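Each chain, letter by letter, is given below.
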Amino acid sequence: MGGPDEHWGGEAVVAIVVKKPGFKVTEDDVKKDLKKVLASYKVPKRIIFVREIPKTQIGKISKRELRERYLRDGFKDVLDTS
């Protein structure tokens, strides 16, 4: 997903991640693993941990709702990453 990027004035890559209960993972952990398989410019600038990802009625990820939620309230249901 793309999110506003104040530095470049466009959009930056943002990853929305659902953490499994009992697992401890940080934004840096995810970025470190992604750097192993992606070019540095493709690694998300921000990782957001949420409780659940919204889905459509047929079970697909609702990208529209994700974007709206992110832009509207910055994901108030963001999980603590510690």
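Peer 1: So what about the overall build of the protein chain? Which residues, and what values?
Peer 2: Along the protein chain, the regular secondary structure elements total two helices and three strands. Ordered by position in the sequence, the α and β elements of the protein chain form the string β-β-α-β-α. Per-residue burial over the protein chain gives 27% buried out of 82 residues. Summarising the internal contacts of the protein chain: among those between residues at least 6 apart in sequence, 55% fall at separations of at least 24. For the protein chain, the exposed surface amounts to about 6400 Å²; the carbon and sulfur share of it is 52%.

Peer 1: Account for the side chain of Ser 62, with residues named and values stated.
Peer 2: Structurally, Ser 62 is set in the loop between β3 (46-50) and α2 (63-73). Excluding anything up to four places from it in sequence, Ser 62 contacts Pro 54, Lys 55 and Thr 56.

Peer 1: I'd love a proper account of the environment of Val 43, names of residues and values included.
Peer 2: Structurally, the position occupied by Val 43 is in the loop between α1 (27-35) and β3. Each C-alpha atom of the pair Val 43 and Val 13 lies 7.3 Å from the other, and the pair is 30 residues apart in sequence. With residues up to four places along the chain from it excluded, the contact list for Val 43 reads Lys 31, Leu 34, Lys 35 and Leu 38.

Peer 1: Give me the lowdown on the confidence of the model for the protein chain, citing residues and values where you can.
Peer 2: Residues at a pLDDT of 70 or more form 74% of the protein chain, whose mean pLDDT is 79. Mean pLDDT across the secondary structure elements of the protein chain bottoms out at strand β1 (residues 2-4), with 52, and peaks at α1, with 94.

Peer 1: Quick one: what's the story with the side chain of Lys 31, residue by residue and with numbers?
Peer 2: On the secondary structure map, Lys 31 appears in helix α1. Beyond its immediate chain neighbours, meaning those up to four positions away, Lys 31 contacts Val 43, Pro 44, Lys 45, Arg 46 and Ile 47.

Peer 1: Explain the packing of aromatic side chains residue by residue, including any values.
Peer 2: Here a ring pair, both rings aromatic, is described through the centre-centre distance and the interplanar angle of the planes. Under the definition given, this model contains zero aromatic pairs. Its end group placed over the ring of Phe 49, Lys 19 keeps NZ or CZ at 4.7 Å from the ring centre.

Conventions used here
Residues numbered from 1 in each chain as written. Predicted model: local features only at pLDDT ≥ 70, side-chain atom pairs only at ≥ 80, totals over all residues. Heavy atoms only, no water. Helix = DSSP H or I, 4+ residues; strand = E, 2+ residues; numbered from the N terminus. Buried < 20%, exposed > 50% of the residue type's maximum accessible area, 1.4 Å probe, protein only. Contact = heavy atoms within 4.5 Å. Areas by Shrake-Rupley, 256 points an atom, 1.4 Å probe, with all protein chains shown as cover. pLDDT = per-residue confidence, 0-100. Phe/Tyr/Trp six-rings, centres within 6.5 Å; stacked < 30°, edge-to-face > 60°. Lys NZ or Arg CZ within 6 Å of the ring centre and 35° of its normal.

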